[in-house]
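Coordinate analysis (summary)
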Amino acid sequence: MVGGFDFTNFFFMAVIAATPLLFATLGEILTEKSGSLNLGVEGMMFMGAAAGIAASYFYETAAGSGASGIVSALLAVLIGFLAGAFGGFIYSLLTVTLRANQNVTGLALTIFGIGAGNLIGELLGIRAGGFTTVSDSTKSVFSGISIPFLSDIPVIGRLFFSYNFMVYLAVATAVLLIVLLNKTRVGLNLRGVGENPATADAVGINVTKYKYIAASVGGGICGLGGVYISMATVGGNAGTWIDNCIAGRGWIAVALVIFAAWRPSRAIIGALLFGGLSALWLYFDPWLQTFLPNASIPQQIYNVLPFIATILVLIFTSIRQSKELSQPKACGTNYFREER
């Protein structure tokens with residue numbers, strides 16, 4: 001508690017809000033490192049969100065009273081990842097093989113993913129007789145965990161050892177990408193494809209394979225962000241399908257890629273900052289009213305803050321250009337071997 005402001009709980013909620021943004025940002029960084037500009041992040045998150053909750057729901061329906069919450073949660077994560085990866089595969093098929101325009105394809109994927117996600121959610125609701133929700137045992141798997149001794153440490157335990165498993169999965173994914181991109185030959189080849197595919201092709205690197213794998217795995221990671229929103233959102237909506245639940249987070253993630261300068265380490269910081277903006281309304285208004293009892297800022301103002309920040313990020317990064325912190329050179333341009 002700092003000056004009446006509950007910093008510990010604010011940081012906790014900021015991390016919760018940052019997790020889906022981190023997944024989506026990491027997925028797009030991996031994709032763009034291969035030279036593919038996929039603007040369909042929002043759509044892939046929708047696909048992952050709908051597929052994840054559908055997998056959990058159908059498993060629990062089939063297993064009945066013998067359903068395991070852990071199995072249900074793992075299925076949601078796996079199927080959500082595969083759904084997002086399928087979106088990335090569609091993008092690769094259209095842009096790498098058929099050489100369609102990357103910007104148009106990404107926008108089309110967003111429209112398709114939003115429509116498909118909401119359609120699946122509606123169909124599940126009709127089947128469930130009103131709305132789709134998973135069992136309490138599955139919800140408990142996506143709730144905060146308690147690590148012996150560590151979670152009991154005052155303040156530190158709350159700040160670092162009390163989250164659900166997907167928060168730690170997001171951080172582990174970021175660390176894995178840092179190692180992959182900077183410490184392995186696969187990462188070096190991937191960055192080479194993103195910078196100059198013709199040169200990479202000339203030295204024997206399979207450009208098409210790298211682009212397909214990066215876009216598909218990147219899409220799967222974006223799908224995990226969707227799963228987190230549909231299955232682990234705190235409050236009364238955890239494990240319940242809500243139409244348009246992604247609510248523009250995919251577009252924020254696209255801006256976060258630029259903010260992070262295509263580096264997974266900076267993506268963690270960027271996601272946390274934007275997550276803090278999303279959680280600000282829960283704590284700033286009560287804190288403000290301790291000094292000004294009649295003061296209140298409409299929640300809608302807080303809701304638009306992340307998007308205002310997104311616009312500012314795009315403006316400042318376009319003004320301040322840096323070769324070291326720039327987009328991969330071949331990003332957004334289709335590569336055709338015969339044009340070398």
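Along every chain, residues carry numbers that run from 1 in the direction the sequence is written. With pLDDT at 70 or above as the cut-off, local features in this predicted model cover only qualifying residues; side-chain atom pairs require 80 or more to be listed or tallied, and sums for whole chains, interfaces and linings still use all residues. Side-chain numbers here rest on the full set of heavy atoms in the structure, without hydrogens or water.

1. Topic: the overall build of the protein
The secondary structure listing takes helices from DSSP runs of H or I that are at least 4 residues long and strands from runs of E that are at least 2 residues long, numbered from the N terminus. Helix and strand counts for the protein come out as 14 helices and zero strands. Reading the protein from its N end, one meets helices and strands in the order α-α-α-α-α-α-α-α-α-α-α-α-α-α. Seen through its principal axes, the protein has C-alpha atoms that stretch 65 × 50 × 40 Å. Relative accessibility under 20% of the residue-type maximum defines a buried residue, over 50% an exposed one, and the middle range a partly exposed one, all with a 1.4 Å probe and only protein chains included. Expressed as a percentage of the 340 residues in the protein, the buried residues total 48%. A contact between two residues is defined here by any heavy atoms of the two lying within 4.5 Å. Taking the intrachain contacts of the protein between residues at least 6 apart in sequence as the baseline, contacts between residues at least 24 apart amount to 78%. Summing over all exposed atoms, the protein offers an accessible surface of approximately 16000 Å²; the carbon and sulfur share of this is 68%. Side chains of the protein carry 18 positive and 15 negative charges; the gap between the two charge centres is 12 Å. Only the protein chains shown count as cover for residues, with accessible areas throughout obtained via the Shrake-Rupley method and a probe of 1.4 Å. In this tally, Lys and Arg are treated as positive and Asp and Glu as negative; His is ignored, and so are the chain termini. Taken as the charge centre is NZ of Lys, CZ of Arg, CG of Asp or CD of Glu, depending on the residue.

2. Points about the packing of helix H7 (residues 165-183) against helix H8 (residues 185-195)
Where H7 contacts H8, the two axes come as close as 5 Å, and the packing angle between them is 75°. In terms of orientation, H7 and H8 fall into the roughly perpendicular class. On H8, the residues touching Leu-180, Leu-181 and Asn-182 of H7 are Val-186, Gly-187, Leu-188, Leu-190 and Arg-191. Classification used: nonpolar for Ala, Val, Leu, Ile, Met, Phe, Trp, Tyr, Cys and Pro, charged for Asp, Glu, Lys and Arg, polar for all others including Gly. Class assignment of the residues belonging to the contact of H7 with H8 gives a composition of five nonpolar, two polar and one charged. Each axis is a line fitted through C-alpha atoms, taken for helices only over the stretch in contact, and angles between the N-to-C directions span 0 to 180 degrees. For this classification, under 35 degrees means roughly parallel, over 145 means roughly antiparallel, 65 to 115 means roughly perpendicular, and everything else is oblique.

3. Structural notes on helix H3 (residues 69-97)
What a helix is expected to span follows from its residue count: subtract one and scale by 1.5 Å. Look at H3: 41 Å from first C-alpha to last across 29 residues, which is about the 42 Å you get at 1.5 Å a residue. At the C-terminal side of H3, Arg-99 shows a positive phi close to 60°.

4. Some words on the packing of aromatic side chains
For Phe, Tyr and Trp, rings pair up if their centres lie within 6.5 Å, where Trp contributes its six-membered ring, and each pair is then called stacked (planes under 30 degrees apart), edge-to-face (over 60) or tilted (otherwise). As enumerated under the stated definition, the model contains eight aromatic pairs in all. Ring geometry for Tyr-57 and Phe-58: centres 5.5 Å apart, planes at 70°, overall edge-to-face. Ring geometry for Phe-89 and Tyr-212: centres 5.7 Å apart, planes at 55°, overall tilted. In this pair, Phe-89 is assigned in helix H3 and Tyr-212 in helix H10 (residues 207-232), connecting sequence segments 123 residues apart. Site record: aromatic cluster; members linked through ring pairs are Phe-11, Phe-160 and Phe-161. Geometry around Phe-336 places Arg-99 over its ring, the cationic atom sitting 3.8 Å from the centre. The ring centre of Phe-12 lies 3.8 Å from the NZ or CZ of Arg-158, which sits over that ring. Placement of a charge over a ring requires the Lys NZ or Arg CZ to be within 6 Å of the ring centre, with the centre-to-atom vector within 35 degrees of the ring normal.

5. Concerning the packing of helix H2 (residues 41-63) against H3
The contact between H2 and H3 brings their axes to 7 Å, and the two run at 145°. The element H2 and its partner H3 pack so that their crossing is right-handed. Along its contact with H2, which presents Met-44, Met-47, Gly-48, Ala-51, Gly-52, Ala-55, Ser-56, Tyr-59 and Glu-60, the element H3 presents Val-71, Ser-72, Leu-75, Ala-76, Ile-79, Gly-80, Ala-83, Gly-84, Phe-86, Gly-87 and Gly-88. The residue inventory of the contact of H2 with H3, partitioned by class, reads eleven nonpolar, eight polar and one charged. Note: crossing handedness is left-handed where the near helix turns anticlockwise from the far helix by less than a right angle, and right-handed where it turns clockwise.

6. Concerning the environment of Ala-85
Structurally, Ala-85 is set in helix H3. In this structure Ala-85 comes out as buried when scored by relative accessible area, which is 13%. For the pair Ala-85 and Ser-216, spaced 131 residues apart in the sequence, the C-alpha separation amounts to 4.4 Å. The contact partners of Ala-85, leaving out residues within four places of it in the chain, are Ser-216, Gly-219 and Gly-220.

7. Concerning the nonpolar core
In summary, soluble globular proteins display a tendency toward joint burial of nonpolar side chains. By size, the foremost hydrophobic cluster in this structure holds 81 residues, and its most contacted members are Phe-142 and Met-166. When residues in this core are grouped by element, the largest group, 14 residues, is from helix H1 (residues 7-33). Look past the residues within four positions of Phe-142 in its chain and what remains in contact with it is Ala-73, Ala-76, Val-77, Asn-164, Phe-165, Met-166, Met-231 and Ala-232. Residues belong to one nonpolar core when they are buried, are Ala, Val, Leu, Ile, Met, Phe, Trp, Tyr or Cys, and are joined through side-chain atoms within 4.5 Å.

8. A closer look at a nonpolar patch on the surface
A surface patch of nonpolar side chains, about 670 Å² in accessible area, is lined by Val-304, Ile-308, Ile-311, Leu-312, Ile-315, Phe-316 and Ile-319. On the secondary structure map, Ile-308 appears in helix H14 (residues 299-319). What goes into a patch is any residue over 30% in relative accessible area without a salt bridge, connected to like charges within 9 Å or, for nonpolar side chains (Val, Leu, Ile, Met, Phe, Trp, Tyr), within 5 Å. Should a side-chain nitrogen of Lys or Arg be within 4 Å of a carboxyl oxygen of Asp or Glu, the pair is scored as a salt bridge.

9. Notes on the layout of surface pockets
To find leftover empty space, one rolls a probe the size of a water molecule over the atoms. The space that makes up the largest pocket amounts to roughly 830 Å³. In terms of lining residues, the largest pocket is bounded by 29 residues, among which Ala-17, Thr-233, Arg-249, Ser-278 and Trp-281 are the most central. The method works on a 1 Å grid over the protein atoms by themselves. A cavity is a set of points holding a 1.4 Å probe that cannot get out, a pocket is an open set with protein on both sides within 12 Å along at least five of seven lines, and residues with an atom within 4 Å of a point line them. Grid points are joined across faces, edges and corners, and a volume is the space filled by probe spheres set on the points.

10. Things to note about the environment of Ala-255
Here Ala-255 lies in helix H11 (residues 249-259). Considering only alpha carbons, one finds Ala-255 and Leu-312, 57 residues apart in sequence, at a separation of 9.6 Å. Residue contacts for Ala-255: discarding those within four places in its chain leaves Thr-310, Val-313 and Leu-314.

11. A few points about empty space enclosed by the protein
Applying the stated rule across the entire model yields one cavity of 30 Å³ or more. By volume, the largest cavity is sized at about 50 Å³. For the largest cavity, the full set of lining residues is Ser-36, Thr-95, Val-96, Arg-99, Gln-102, Lys-211, Thr-333, Asn-334 and Tyr-335. When grouped by side-chain class, the residues that make up the lining of the largest cavity number two nonpolar, five polar and two charged.

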